[in-house]
Amino acid sequence: MSVLEFGTQLLKQVSLLGTGALTTLRIFFLTLLFSLPLGLLIALARMAPQKWLNTPVKLFILIMRGTPLILQLIFFYFAPFYMLPEGLRFTLPRFTAAVLAFSLNYAAYFAEIYRGGIESIPQGQYEAAAVLGFTKSQTFFRIILPQVIKRILPPVSNEVITLVKDTALITVLGISELFRVARNEANRLFSTSPLFIAGLFYLFMNWIVTKVFDAAEKKLSYYR
Amino acid sequence: MEILKVENLYKSFVGTEDVVTGVSFQISEGEVVALIGPSGSGKSTLLRCLTLLEKIDSGAIYVAGEPMVTTSPAGQVTYAPEAALRKIRLRLGMVFQNFNLFPHFSVLRNITEAPIHVAGMAPAEAEALAYQLLAKIGLTDKADAYPYQLSGGQCQRVAIARALAMKPDILFFDEPTSALDPELTGEVLKVIRNLAAERMTMMVVTHEMAFAREVADRVIFMDKGKIVEEGSPETLFGAPTNARTRTFLRNYNLNSGS
């Protein structure tokens, strides 16, 4: 194989994997878009004093964190059809099922990170806000949450990095994301190089994620 | 005019001895009251009840004549409706032992945040007020600093400015110098002394007996949740009538060497 041939082969593979990577990125961003705010709601419900509210939420978190994400993917795709009575059966589009499973799963993890962050803020902050006359929501959004965000950046960046790699799991639903495209290519060409290139894709994405979180931490380093 | 009236206030917690068992007193406008007593005597709990950080078990509190909380003869405790409570709360300022500044806000924003977002003051007006207060506490050059860049004494002075920015009718201090190195207490006491000279109504929980004697118009001595003795600083420190007060002050003098 000449250098030229090798070069065009490589370019072909990279652009093919690139289309798979786009699907991966769509799943990635949609999951963050839904799970970050949802996680906050779940955290607040988890910390609510009302048992009727916090008990089901605890159960939800237990299930989402306690079962394999790959099973949850399969569940959200197949359960609406196989577990519902005749007449009510439906099937979500694969992509939707994947985003749903990922969002709920990651929201459960984010919720516990938020909770840890919120509970780490000293009581004195709430008391100072209360005597100054801030309402509960003002206290949360102006005083507590900004401090929580600074504290939870490192664990959140951990989760986001894991999310990049976890997107490979949706291959079980037959979605042509990066990992599936790479594996198909590897099988077709009888070569491991597409898998290796896919690995570089994941690494590159996480390099960017790391840079973004480094920048965010730096931006919030103006106070302690 | 009386700013604060407390009647037969009770507050207890499960598992702590810092309780209040039937306390009554009044504070007039412009009066400076020092609240002294051993730890666990209920001083801090009393202050927390007065600033609505704790709900009382029974009794009554009136702020500038308005009922904040009352208790019916049958023992039913009723707080004023939320809207009225919010207004009453704005009349009360509090300075904490541990400052509780907002670490993510600059000194200036620590002071302006509540006037702007709670009192609805125009931002420019709030800033002007903040600079006025910063000049008063001698920290004009720290307006853009963050709390972590300040010493404890500076933090506490900012906390005082933050409370003053809401123009309270009465300012409570919960051991304002207890978390400070001895050489930093002076600068905080000086600020409080200046406020006293301006006839700011204040109630100060303190272990600084010399300070209480110098600044207070009246001293209240509490022990085991009750007011044991109260009077002018001359009487209470000079010629205490109660045996418990005498013991406390004697131990205090021995321990602090003052």
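Residues numbered from 1 in each chain as written. Chains lettered and ligands numbered in written order. Predicted model: local features only at pLDDT ≥ 70, side-chain atom pairs only at ≥ 80, totals over all residues. Heavy atoms only, no water.

Trainee: Honestly, the overall build of chain A in this entry has me stumped. Any pointers?
Mentor: Broken down by element type, chain A carries 8 helices and 0 strands. For chain A, the N- to C-terminal ordering of α and β elements is α-α-α-α-α-α-α-α. Relative to a compact globule of 224 residues, whose C-alpha radius of gyration would be 17 Å, chain A shows 22 Å and is clearly more extended. Based on the C-alpha atoms only, the size of chain A along its principal axes is roughly 75 × 55 × 20 Å. Expressed as a percentage of the 224 residues in chain A, the buried residues total 44%. In chain A, once contacts between residues fewer than 6 apart in sequence are set aside, the share between residues at least 24 apart is 76%. Of the accessible surface of chain A, which amounts to about 12400 Å², a share of 70% is contributed by carbon and sulfur atoms. (Helix = DSSP H or I, 4+ residues; strand = E, 2+ residues; numbered from the N terminus. Rg over C-alpha atoms; globule rule 2.2 N^0.38 Å. Buried < 20%, exposed > 50% of the residue type's maximum accessible area, 1.4 Å probe, protein only. Contact = heavy atoms within 4.5 Å. Areas by Shrake-Rupley, 256 points an atom, 1.4 Å probe, with all protein chains shown as cover.)

Trainee: Honestly, the sheet that holds strand β10 (residues 218-223) of chain B in this entry has me stumped. Any pointers?
Mentor: Neighbouring strands of a sheet are bound in pairs by backbone hydrogen bonds; such pairs are parallel or else antiparallel. All names here are of chain B. Pairing in this open sheet of 6 strands is mixed, and the strands run β7-β8-β9-β3-β10-β11 from one edge to the other. Either end of the sheet is taken by a strand with one partner, and the two such strands are β7 (92-95) and β11 (226-231). Neighbour-to-neighbour, the strand axes of the sheet open up by a mean angle of 20°, direction not taken into account. On top of the sheet, helix α1 (residues 43-50) reaches β3 (32-36), β7, β8 (170-174), β9 (202-205) and β10; it is set at about 145° to β8, its chief contact. (Pairing = 2+ DSSP bridges. Axes fitted to C-alpha atoms, helices over the stretch in contact; angles between N-to-C directions.)

Trainee: Any chance you could explain the sheet that holds strand β4 (residues 58-63) of chain B here in plain terms?
Mentor: All names here are of chain B. Read from one edge to the other, the open sheet built from 5 strands follows the order β2-β1-β4-β5-β6, with strand pairing classed as antiparallel. Across the chains shown, the open sheet's two edge strands, defined by having one partner strand only, are β2 (20-28) and β6 (77-79). Ignoring which end each strand starts from, the neighbouring axes of this sheet average 10° apart. Judged from the 5 bridges that link them, strand β1 (residues 2-11) and β4 form a sheet pairing that is antiparallel.

Trainee: Looking at this structure, how should I read the environment of Arg151(A)?
Mentor: All names here are of chain A. Among the structural elements, Arg151 can be located in helix α6 (residues 136-166). The exposure class of Arg151 is partly exposed, given its relative accessible area of 41%. Placed 65 residues apart in sequence, Arg151 and Glu86 show a C-alpha to C-alpha distance of 49 Å. One polar contact links the side chain of Arg151 to the main-chain carbonyl oxygen of Ser120, over a distance of 2.8 Å. (Polar contact = N/O pair within 3.5 Å; in protein donor to acceptor, adjacent residues only side chain to side chain.)

Trainee: Would you take a moment to explain the side chain of Asn206(A) for this structure?
Mentor: All names here are of chain A. Tracing the sequence through the fold places Asn206 in helix α8 (residues 193-219). A distance of 3.5 Å separates a polar atom in the side chain of Asn206 from the backbone oxygen of Ile161. Residues contacting Asn206, with those up to four places away along its chain left out, are Val160, Ile161, Val164 and Lys165.

Trainee: How do you make sense of the nonpolar core when you look at a structure like this?
Mentor: Nonpolar side chains in soluble globular proteins tend to be buried together. Core analysis: the biggest nonpolar cluster contains 101 residues, and Leu4(B), Phe25(B), Leu50(B) and Met203(B) have the highest contact counts within it. By residue number, the principal contributor to this core is helix α4 (residues 94-119) of chain A, which donates 15 residues. Here Leu50(B) is in contact with Leu4(B), Val6(B), Leu9(B), Phe25(B), Ile61(B), Met68(B), Leu92(B), Phe172(B) and Met203(B), once residues within four sequence places are set aside. Among the nonpolar cores identified, the runner-up in size contains 41 residues, and Val32(B), Leu180(B), Met200(B) and Val215(B) belong to it. (Core = buried A, V, L, I, M, F, W, Y, C linked by side-chain atoms within 4.5 Å.)

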